[in-house]
Amino acid sequence: MRVTFCQGVLAVAITANLLILFYILRLQQRVLRRHRDHAQPGSRQQLAPLKPGVTILIREFEDFENYVPDVVRSFVRQSPEVPVVVAADRLPYPPLALPGAPHVQMLILKPAPDQPASASRLEAHLRTEYVALVPDGAKADATFQLERMLEELKAGQGKAEMVAAPVHSLTPLQCLNLKVSLKRWTAEYSAAPPSSTVCTALRGEAVVLLRTKDLFNLSVPLAKPLLTSLFIQASLRGWAVRILDLSFSAVHRPLFTSSHNQWKADNLAKASRLQLFQDFGIKRVILEDGKEQWFGCSKETPRCFGTIHDDTPEYLYQDRWTPPCCLRALRETAKYVINILETSGVRYWLEGGTLLGAARHQDIIPWDYDVDLGIYLEDIPNCELLRNADSGSVVDERGFVWEKAIEGDFYRVQYSEHNHLHVDLWPFYPKNGLMTKDTWMEHRQDVEFPEHFLKPLVPIPFAGFLALAPNDYRSFLELKFGEGVIENPEYPNPALKRMEKGN
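Residues numbered from 1 in each chain as written. Predicted model: local features only at pLDDT ≥ 70, side-chain atom pairs only at ≥ 80, totals over all residues. Heavy atoms only, no water.

## Focus on the overall build of the chain
The cut-off we apply is this: We count a stretch as a helix when DSSP gives it H or I for four or more residues in a row; a strand needs E for two or more, and each element gets its number in order from the N terminus. Atoms considered for the radius of gyration are the C-alpha atoms alone. The globule rule reads 2.2 Å times the number of residues to the power 0.38. Think of it in three bands: residues with accessible area under 20% of the maximum for their type are buried, residues over 50% are exposed, and the middle band is partly exposed, with areas taken using a 1.4 Å probe on protein chains only. Working rule for contacts: check all heavy atoms of both residues, and any pair within 4.5 Å makes them a contact. Note on areas: Shrake-Rupley, 1.4 Å probe, and residue coverage restricted to the protein chains presented here. Positive charges come from Lys and Arg alone, negative charges from Asp and Glu alone, with His and the N- and C-terminal ends not counted. Where a charge sits is defined by one atom per residue type, namely NZ (Lys), CZ (Arg), CG (Asp) or CD (Glu).
Of the regular secondary structure elements, the chain holds 12 helices and 25 strands. Against the 2.2 N^0.38 benchmark of 23 Å for 503 residues, the chain shows a C-alpha radius of gyration of 33 Å, more extended than a compact globule. With the C-alpha coordinates of the chain rotated into their principal frame, the extents come out at 105 × 100 × 45 Å. Within the span of the chain, comprising 503 residues, buried residues form 47% of the whole. Taking as baseline every contact in the chain between residues at least 6 positions apart, the subset at least 24 positions apart corresponds to 66%. For the chain, the computed accessible surface area is about 26,600 Å², with 54% contributed by carbon and sulfur atoms. Positive and negative side-chain charges of the chain, numbering 56 and 60 respectively, have mean locations separated by a distance of 10 Å.

## Description of the sheet that holds strand β10 (residues 201-203)
Sheet strands pair via backbone hydrogen bonds, and the direction of the pair is either parallel or antiparallel. To be explicit about the condition: For two strands to pair, DSSP has to find at least two bridges joining them. Here the axes come from fitting lines to C-alpha atoms, over the contacting stretch only for helices, and the angles between their N-to-C directions go from 0 to 180 degrees.
Across the sheet, five strands lie side by side as β10-β7-β8-β14-β15; this open sheet has mixed pairing. In this open sheet, the two strands that pair with only one neighbour each are β10 and β15 (292-294). Neighbour-to-neighbour, the strand axes of this sheet turn through a mean angle of 25 degrees, independent of strand direction. Sheet topology places strand β7 (residues 174-181) next to β10; three bridges connect them, and they run antiparallel. Counted as the bridge partner of Cys175 is Leu202 from β10.

## Comments concerning the pairing of β7
One ladder, built from six bridges, connects β7 with strand β8 (residues 186-191); its direction is antiparallel. Bridge pairing in β8 links Ser181 to Thr186. Here β7 folds back onto β8, and the loop between the two strands holds four residues, one of which, Trp185, carries a positive phi near 60 degrees.

## Things to note about the side chain of Gln414
Tracing the sequence through the fold places Gln414 in strand β20 (residues 411-414). Setting aside chain neighbours within four positions, we find Gln414 in contact with Phe400, Val401, Glu403, Asn419, His420, Leu421 and His422.

## A closer look at the state of the cysteines
This is how the line gets drawn: When the sulfur atoms of two cysteines come within 2.5 Å, that pair is taken as a disulfide.
The final tally for this structure, using the stated rule, is one disulfide. In this model Cys175 forms its disulfide with Cys199; the gap between the sulfur atoms is 2.1 Å. With the S-S dihedral at roughly -120 degrees, the linkage between Cys175 and Cys199 falls on the left-handed side. On the criterion of sequence distance, the pair formed by Cys175 in strand β7 and Cys199 in strand β9 (residues 198-199) is long-range, its members being 24 residues apart. Here Cys297 is not disulfide-linked; the sulfur of Cys304 is the nearest cysteine sulfur, at 3.7 Å. Owing to a relative accessible area of 6%, Cys297 belongs among the buried residues under this scheme. The thiol sulfur of Cys325 is not disulfide-bonded, and the nearest other cysteine sulfur, from Cys304, lies at 3.4 Å.

## Observations regarding the pattern of salt bridges
A side chain with one charge can pair with a side chain of the opposite charge if their charged atoms come near. Quick reminder of the rule: Salt bridges are defined by distance alone: a side-chain nitrogen of Lys or Arg within 4 Å of a carboxyl oxygen of Asp or Glu.
Inspection of every chain in the model, using the stated rule, returns 23 salt bridges. Where Glu288 meets Arg203, a salt bridge forms, and the shortest distance between an N and an O atom there is 2.7 Å. Residue Glu288 is found in the loop between β14 (284-286) and β15, and its partner Arg203 is found in strand β10; the two are separated by 85 residues along the sequence. Taken together, the shared-partner salt bridges connect Arg148, Glu152, Arg242 and Asp245 into one network.

## Here we look at the packing of aromatic side chains
Which entries qualify depends on this criterion: The aromatic pairing rule takes the rings of Phe, Tyr and Trp, using the six-membered ring of Trp, and pairs them if the centres are within 6.5 Å, calling planes under 30 degrees apart stacked, those over 60 edge-to-face and the rest tilted. Charges are assigned to positions over rings by a cutoff of 6 Å between ring centre and Lys NZ or Arg CZ, combined with an angular limit of 35 degrees from the ring normal.
Applying the stated criterion across every chain, the model contains 16 aromatic pairs. Ring pairs connect the aromatic residues Trp349, Tyr376, Phe428, Phe449, Phe453 and Phe476, which therefore count as one cluster. Note that Lys299 overlies the ring of Tyr415, its terminal NZ or CZ placed 4.3 Å from the centroid.

## A short note on the pairing of strand β19 (residues 401-404)
Taken together, the two bridges between strand β18 (residues 394-395) and β19 define a ladder with antiparallel strand orientation. The residue bridging Val395 from the neighbouring strand is Val401, located in β19. Relative to β20, β19 runs antiparallel, the two sharing four bridges. The partner of Val401 across the bridge, within β20, is Gln414.

## Focus on helix α12 (residues 473-481)
Worth spelling out the cut-off: This arc describes the spread of directions from the helix axis toward the C-beta atoms.
If you check which residues of α12 are buried, you get Phe476, Leu477, Lys480 and Phe481. Taken down its axis, α12 places every buried residue within 105 degrees of arc, on the same side. Where α12 is buried, its residues meet β16 (348-350), α10 (352-361) and β23 (449-450). Residue Gly482 follows α12 closely and has a positive phi angle near 115 degrees.

## Section: the side chain of Arg127
Cut-off, in case you're wondering: Here a polar contact means two N or O atoms within 3.5 Å. Within protein one must be a hydrogen donor candidate and the other an acceptor candidate, and residues neighboring in sequence count only if both atoms are side-chain atoms.
Secondary-structure assignment places Arg127 in the loop between α3 (122-125) and β4 (128-133). Summary of buried charges: Arg127 has no salt-bridge partner, and the nearest side chain of opposite charge, Glu123, is 7.4 Å away. One polar contact links the side chain of Arg127 to the main-chain carbonyl oxygen of Glu123, over a distance of 2.9 Å. Sequence-distant contacts of Arg127, defined by excluding residues within four places in its chain, comprise Leu47, Ala48, Pro49, Leu50, Lys51 and Phe216.

## Looking at helix α7 (residues 259-280)
Just so we agree on the cut-off: What a helix is expected to span follows from its residue count: subtract one and scale by 1.5 Å.
In a regular helix each residue adds 1.5 Å, so 22 residues correspond to 32 Å; α7 covers 31 Å between its end C-alpha atoms and thus fits that length. Regarding α7, the residues found buried are Asn261, Ala265, Arg273, Leu276, Phe277 and Phe280. Along the long axis of α7, the arc covered by the buried residues comes to 135 degrees, so they all point the same way. Exposed and oriented more than 90 degrees from the buried face of α7 are Trp263 and Lys270. Elements that come into contact with the buried residues of α7 comprise α6 (226-236), β14 and β15. Immediately downstream of α7, the backbone of Gly281 shows phi near 70 degrees, a positive value.

## Observations regarding the nonpolar core
Note the following rule: Residues belong to one nonpolar core when they are buried, are Ala, Val, Leu, Ile, Met, Phe, Trp, Tyr or Cys, and are joined through side-chain atoms within 4.5 Å.
If you look at the biggest cluster of nonpolar residues, it comprises 69 residues, and the most contacted ones within it are Leu373, Trp402 and Leu425. It is helix α9 (residues 324-344) that contributes the most residues to this core, 11 residues altogether. The contacts of Leu425, once residues within four sequence positions are left out, are Val337, Leu341, Leu373, Ile375, Leu386, Trp402, Phe410, Tyr411 and Val413. One finds Ala192, Leu218, Leu227 and Leu276 within the second-largest nonpolar core, a separate group that totals 45 residues.

## Topic: the packing of α10 against α12
Using the following cut-off: Here the word oblique covers every angle except those under 35 degrees (roughly parallel), over 145 (roughly antiparallel) and from 65 to 115 (roughly perpendicular). What makes a crossing left-handed is the near helix being turned counterclockwise from the far one by less than a right angle; a clockwise turn instead makes it right-handed. Residue type decides the class: Asp, Glu, Lys and Arg count as charged, Ala, Val, Leu, Ile, Met, Phe, Trp, Tyr, Cys and Pro as nonpolar, and the leftover types, Gly among them, as polar.
Put simply, α10 and α12 touch, their axes get as near as 10 Å, and they point 135 degrees apart. On the basis of the axis angle, α10 is oblique to α12. Along this stretch, α10 crosses α12, giving a crossing that reads as left-handed. Across the interface between the two elements, Gly352, Gly353, Leu355, Leu356 and Ala359 of α10 pack against Tyr473, Phe476, Leu477 and Phe481 of α12. Counted by class, the contact of α10 with α12 contains seven nonpolar, two polar and no charged residues.

Okay, here's the thing in structure tokens:
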């Protein structure tokens, strides 16, 4: 069989196409294999072990006025090879005139889309066994300062996880004790004894030295304000700090040369503090002088939690109790409503879980989310606000909202139009010697009870004032909840969330 010229050309073309296709397939496989190998966790480049020494870490400073270059130069002048990391959320502007040395690095914490993940990771830049957190304006005066701090930290191992040296300022460094309860959303500061040098928090400016691995083990190692964040996280881990009898001088005092810059810095510090407490879920701060600061809800904001499902608020799933700002609002609302009822001649009593809280805590149950009061149905006409609520929501002169509840035949008084923390008023009426009502909510405690519990009503301490309660409240509560309910606390729906022992 003879092969024509055209058939030969066609055969060569087919062979060439097959070779090209084979080459492309091999190339694709190679690229895919390389990509897969790169994506495997095991192929990620491992960081080298930490090496001996101390790294200077400068985190807090203001772009518009700072002394960071002077601070860096002072430490490099004393120890020319000391590593320095200046960390900022974004590239500072105006730019910092840092010394042009390879061991002085600028770390931008905000990831950039054209940079590898390691570029914004503290662990990739901080490679010594120890780290000194240095505030803006601090000045190294001698080589022995860092060496002495390092010696003291090593010598005090097991007693304090950090050592601190004050920076000269008009306000002396204070040694404080800090207790943080995430369950109660609270941080409480108290003054340490005057002679104490070991505590759990500091007030003032200081250079703080700690192990790098301890810094890395913090949830948010570089959150601002740096020392506030550090000591909150340290307190939760049981760490302590020891103040040393050495100090650092200041590059410049005051740190800001104009009142306008000081005002800007104060506002930014206040905003950082607010953001920190919001991120950490701290809504109440008790200062060492007893004053309180609140970072939760108010009359002008929504309450701290959303709609309740299955009688179990969302914070219980976070192993937390009712935010203190919400408890404060509930106490205020309850006291106000009870005063209105008393002056209007409406007979009332603490009901359900609210009475249980009074019996057990003389207060609202720490994980409760509303207040329940029983009232006599026949007394409702005595109260103008309740009468008017039958026709629609009423906002009174104090901003409380009175309304007929949409869930049934009862009344609700909300803290404000914005904040829906509330007191529920349940109308009961006597029938054949029992107190009954027209709306039942399928709660265990929502049952009829003998009227003799209300004759007479008796005062009981509740939420900082006296409120009225059934006369034999223990029997009343055991009728509704079961025997031993006062001594055996439990969450409202144990089938979904059960209280851990020891709470």
